[in-house]
Amino acid sequence: MKLFSANLDSLRDLYHNQLRMLLSTEQQIVDALPTMLEKATDPQLKQAFQSHLQETRVHVTRLQDILRQENREVDAIKCKVLSALVSEAEDMIKDATDLTVRDVALIAAAQRVEHYEIASYGAVRRWAQILGRQGQAALLDQTIKEEGHADHLLTSIADRVNVEADKAA
Ligand SMILES: [Fe+2]
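A. Molecular detail of the overall build of the protein. The helix and strand tally for the protein stands at 5 helices and 0 strands. In the protein, the succession of helices and strands from N to C terminus is α-α-α-α-α. Counting only C-alpha atoms, the protein reaches 65 × 25 × 25 Å along its principal axes. Looking at the protein as a whole, 43% of its 169 residues qualify as buried. Here the contacts in the protein between residues at least 6 apart in sequence split such that 81% fall between residues at least 24 apart. If you sum the accessible surface of the protein, you get close to 9000 Å²; carbon and sulfur atoms cover 55% of it. If the 20 positive side-chain charges of the protein are averaged to one point and the 26 negative ones to another, these points end up 6 Å apart.

So, in structure tokens, the structure goes:
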């Protein structure tokens, strides 16, 4: 029984730790998206970044609300993966002089971020369910759905922009 409790405690600790890391993930996305929006040329892509920026601000708030419900600190633990993805994105777009190719690179970078988020949120949503936090699991599920929607929208924009970039070559 003691071991069982220890495991539960440990999963709860991991849950809190990863929520705080996801908070950093989302905060870094809030910081990065305005630049991506500015660098994008395609109007539909700009619009997609703009609406995802608004959604991402809500994702930050959701994570802070969950951490407060858990009586945990709402300070973030730095997500190193996002820093690396942002730095790779900067490398990819800085040398792209063709505007359509730059859009293609921006979409590729953004989709990597979405997939990383979906994977990370998928794990914490499951832990929330196991820990009996059904309300929190539902909030996390809402975020995952929005990330999924953003990803699908980017795929549909890419289907068009990739072809345009290839024609421009
Ligand atoms: Fe997000």
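B. Spotlight on the packing of helix α3 (residues 80–94) against helix α4 (residues 99–130). Put simply, α3 and α4 touch, their axes get as near as 9 Å, and they point 170° apart. Put simply, α3 runs roughly antiparallel to α4. Of the residues in α4, those in contact with Val-81, Leu-82, Leu-85, Glu-88, Ala-89, Met-92 and Ile-93 of α3 are Arg-102, Ala-105, Leu-106, Ala-109, Arg-112, Val-113 and Tyr-116. Residues belonging to the contact of α3 with α4 are distributed by class as follows: 11 nonpolar, no polar and 3 charged.

C. Molecular detail of the layout of surface pockets. Estimated volume of the largest pocket: approximately 380 Å³. Lining the largest pocket are 26 residues, and of these Ala-32, Leu-33, Met-36, Ala-89 and Leu-106 sit closest to its centre. For the lining of the largest pocket, the secondary-structure elements that each account for two or more residues are α1 (2–39), α2 (43–69), α3, α4 and α5 (134–168). Within the lining of the largest pocket, the residues separate by chemical class into 18 nonpolar, 2 polar and 6 charged.

D. Just the nonpolar core, in detail. Grouped together as the largest cluster of nonpolar side chains are 42 residues, with contacts concentrated most on Tyr-15, Leu-45, Phe-49 and Leu-140. Of all the secondary-structure elements, those providing two or more residues to this core are α1, α2, α3, α4 and α5. Ranked by residues supplied to this core, first place goes to α1 with 11 residues. Setting aside chain neighbours within four positions, we find Leu-45 in contact with Ala-40, Asp-103, Leu-106, Ile-107, Leu-154 and Ile-157.

E. Expanded view of the coordination of the iron ion. Protein coordination of the iron ion is provided by Glu-26 (OE), Glu-26 (OE), His-59 (ND1), Glu-117 (OE) and Glu-147 (OE), with donor distances spanning 1.9 to 2.5 Å. Sequence spacing among the residues donating to the iron ion works out to E-x32-H-x57-E-x29-E. Of this pair, Glu-26 sits in helix α1 while Glu-147 sits in helix α5, and the two are 121 residues apart along the sequence.

F. Main features of empty space enclosed by the protein. Counted by the stated rule, this structure contains 1 cavity of 30 Å³ or more. Of the pockets and cavities examined, the largest cavity occupies roughly 30 Å³. Elements supplying a minimum of two residues to the lining of the largest cavity: α3 and α4. Looking at the lining of the largest cavity, the element that brings in the most residues is α3, giving 4 residues. Looking at the lining of the largest cavity, its residues break down into 5 nonpolar, no polar and 2 charged.

G. Up close: the environment of Asp-13. Take Asp-13: it is sitting in helix α1. For Asp-13, a relative accessible area of 41% corresponds to the partly exposed category. Residues Asp-13 and Arg-112 lie 99 residues apart in sequence; the distance between their C-alpha atoms is 27 Å.

H. Local environment of α3. Compared with the 21 Å implied by 1.5 Å per residue over 15 residues, the 21 Å span of α3 between its first and last C-alpha is a close match. Buried residues of α3: Leu-82, Leu-85, Ala-89 and Ile-93, and no others. With its buried residues spanning 60° around the axis, α3 presents them on a single face. Across α3 from its buried face, at more than 90 degrees, point the exposed residues Lys-80 and Lys-94.

The rules behind these values
Residues numbered from 1 in each chain as written. Predicted model: local features only at pLDDT ≥ 70, side-chain atom pairs only at ≥ 80, totals over all residues. Heavy atoms only, no water. Helix = DSSP H or I, 4+ residues; strand = E, 2+ residues; numbered from the N terminus. Buried < 20%, exposed > 50% of the residue type's maximum accessible area, 1.4 Å probe, protein only. Contact = heavy atoms within 4.5 Å. Areas by Shrake-Rupley, 256 points an atom, 1.4 Å probe, with all protein chains shown as cover. Lys, Arg positive; Asp, Glu negative; His and termini not counted. Charge placed at Lys NZ, Arg CZ, Asp CG, Glu CD. Axes fitted to C-alpha atoms, helices over the stretch in contact; angles between N-to-C directions. Parallel < 35°, antiparallel > 145°, perpendicular 65-115°, else oblique. Nonpolar A, V, L, I, M, F, W, Y, C, P; charged D, E, K, R; others polar. 1 Å grid on protein atoms, 1.4 Å probe; cavity = no way out; pocket = protein on both sides within 12 Å on 5 of 7 lines; lining within 4 Å. Points joined across faces, edges and corners; volume = space filled by probe spheres on them. Core = buried A, V, L, I, M, F, W, Y, C linked by side-chain atoms within 4.5 Å. Donors = N, O, S within 2.8 Å, 3.2 Å for Na, K, Ca; no water. Expected span 1.5 Å × (residues − 1). Arc of directions from axis to C-beta.

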